[in-house]
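# Observations on the model geometry
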Amino acid sequence: EPYAGYDKVTVANNVIAFNNVLETEWGAGFTQWNGTTPTVYNNVIYGNLGVGAYADNAASTFSFSYNDVSGNFPDYDDSDAGADLWSSKGAGNIGSDPSFVSASNDVDWTNDDFTLKSSSACIDAGKTDVLDADGSRSDLGAFGGPNGSW
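For the structure given in this document, a descriptive report is provided here.

Rules and cut-offs
- Residues numbered from 1 in each chain as written.
- Predicted model: local features only at pLDDT ≥ 70, side-chain atom pairs only at ≥ 80, totals over all residues.
- Heavy atoms only, no water.
- Core = buried A, V, L, I, M, F, W, Y, C linked by side-chain atoms within 4.5 Å.
- Buried < 20%, exposed > 50% of the residue type's maximum accessible area, 1.4 Å probe, protein only.
- Contact = heavy atoms within 4.5 Å.
- Pairing = 2+ DSSP bridges.
- Helix = DSSP H or I, 4+ residues; strand = E, 2+ residues; numbered from the N terminus.
- Axes fitted to C-alpha atoms, helices over the stretch in contact; angles between N-to-C directions.
- Phe/Tyr/Trp six-rings, centres within 6.5 Å; stacked < 30°, edge-to-face > 60°.
- Lys NZ or Arg CZ within 6 Å of the ring centre and 35° of its normal.
- Salt bridge = Lys/Arg side-chain N within 4 Å of Asp/Glu carboxyl O.
- Polar contact = N/O pair within 3.5 Å; in protein donor to acceptor, adjacent residues only side chain to side chain.

The nonpolar side chains of a soluble globular protein tend to be buried with one another. Residues Ala 17, Phe 18, Val 44, Tyr 46, Tyr 66, Phe 100, Phe 114, Leu 116, Cys 122, Ile 123, Ala 125 and Leu 140 constitute the largest nonpolar core, which totals twelve residues. For Tyr 46, the contacting residues outside a window of four places in its chain are Ile 16, Ala 17, Phe 18, Ser 70, Gly 71, Asn 72, Asp 97, Pro 98 and Phe 100. In terms of nonpolar packing, the next biggest core, distinct from the first, is built from ten residues, Phe 30, Val 40, Ile 45 and Val 69 among them.

Another point: the sheet that holds strand 5 (residues 44–46). Taken in spatial order, the three strands make up an open sheet running 2-5-8, and their pairing is parallel. Each edge of the open sheet carries a strand with a single partner, namely strand 2 (15–17) and strand 8 (68–70). Averaged over all pairs of adjacent strands, the angle between their axes in this sheet comes to 5°, without regard to strand direction. Note that strand 2 and strand 5 share three bridges and pair parallel. Note that in strand 5 the partner of Val 15 across the bridge is Val 44.

With that settled, consider the packing of aromatic side chains. Here the structure, examined in full by the defined rule, presents six aromatic pairs. Ring geometry for Tyr 46 against Phe 100: centres 5.9 Å apart, planes inclined by 75°, an arrangement best described as edge-to-face. In this pair, Tyr 46 sits in strand 5 while Phe 100 sits in strand 10 (residues 100–102), placing the two residues 54 residues apart along the sequence. Per residue, the accessibility class of Tyr 46 equals that of Phe 100, and both read buried. Judged by centre distance (5.9 Å) and plane angle (35°), the rings of Trp 109 and Phe 114 are tilted. Accessibility expressed as a relative area gives 46% for Trp 109, which makes it partly exposed. Joined through ring pairs, the aromatic side chains of Phe 18, Tyr 46, Phe 100, Trp 109 and Phe 114 make up one cluster. For Lys 127, the ring lying beneath its charged end belongs to Tyr 41, and the centroid distance is 4.5 Å.

Counted according to the given criterion, the structure contains one salt bridge. One salt bridge connects Asp 129 with Lys 127, and the closest N-O pair in it is separated by 3.8 Å. Given a relative accessible area of 58%, Asp 129 falls into the exposed group.

Of note, Asn 67 is situated in the loop between strand 7 (63–65) and strand 8. Within the structure, Asn 67 has its side chain in polar contact with the backbone oxygen of Val 40 (distance 3.3 Å).

This part takes up the pairing of strand 6 (residues 51–55). Each regular strand displays side chains that alternate between the two surfaces of the sheet. Buried residues dominate strand 6, accounting for five of its five residues. Where strand 6 meets strand 9 (residues 76–77), two bridges bridge the pair, whose relative direction is parallel. Across the sheet, the residue bridging to Ala 53 is Tyr 76, located in strand 9.

Along the chain, Phe 73 connects to Pro 74 via a cis peptide bond; the corresponding omega equals -10°. With respect to the helices, strands and loops of the structure, Pro 74 is situated in the loop between strand 8 and strand 9. One non-glycine residue, Ser 99, lies in positive phi territory at about 55°. Mapping Ser 99 onto the fold places it in the loop between strand 9 and strand 10. Of note in the backbone geometry, Val 107 takes a positive phi value of approximately 70° without being a glycine. By the element assignment, Val 107 lies in the loop between strand 10 and strand 11 (113–116).

So this is what it looks like as structure tokens:
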């Protein structure tokens, strides 16, 4: 089993933004590969040149819920899977501009602030059983969840 152990991977409360993949068929943000079964939640996948969320295996039972996937080229792709994988993936996925305080695809990460503006649709949009440090429902992105703050 070449990918043994990859079914235990959890990807939570991240910002995956402004990556460029020349072969746009593959995921510039998130890729589910070869039957792996990761658990993916509370992430913002935004502004990637290449697929925001890519899945290649219809037999996979990976979990992908409460994420914001938007502004990618394209946002979702499952063309190699031979089935529609994304329409049935977990609850709570949204496709809204995350409204970061200041972020741009100018290749200078020193001037980016991935904190969410107070008007962001990602605020209190995370998994209902994951709380922010202040006790409210988790925000999506790097500053949400029990260790996050904004």
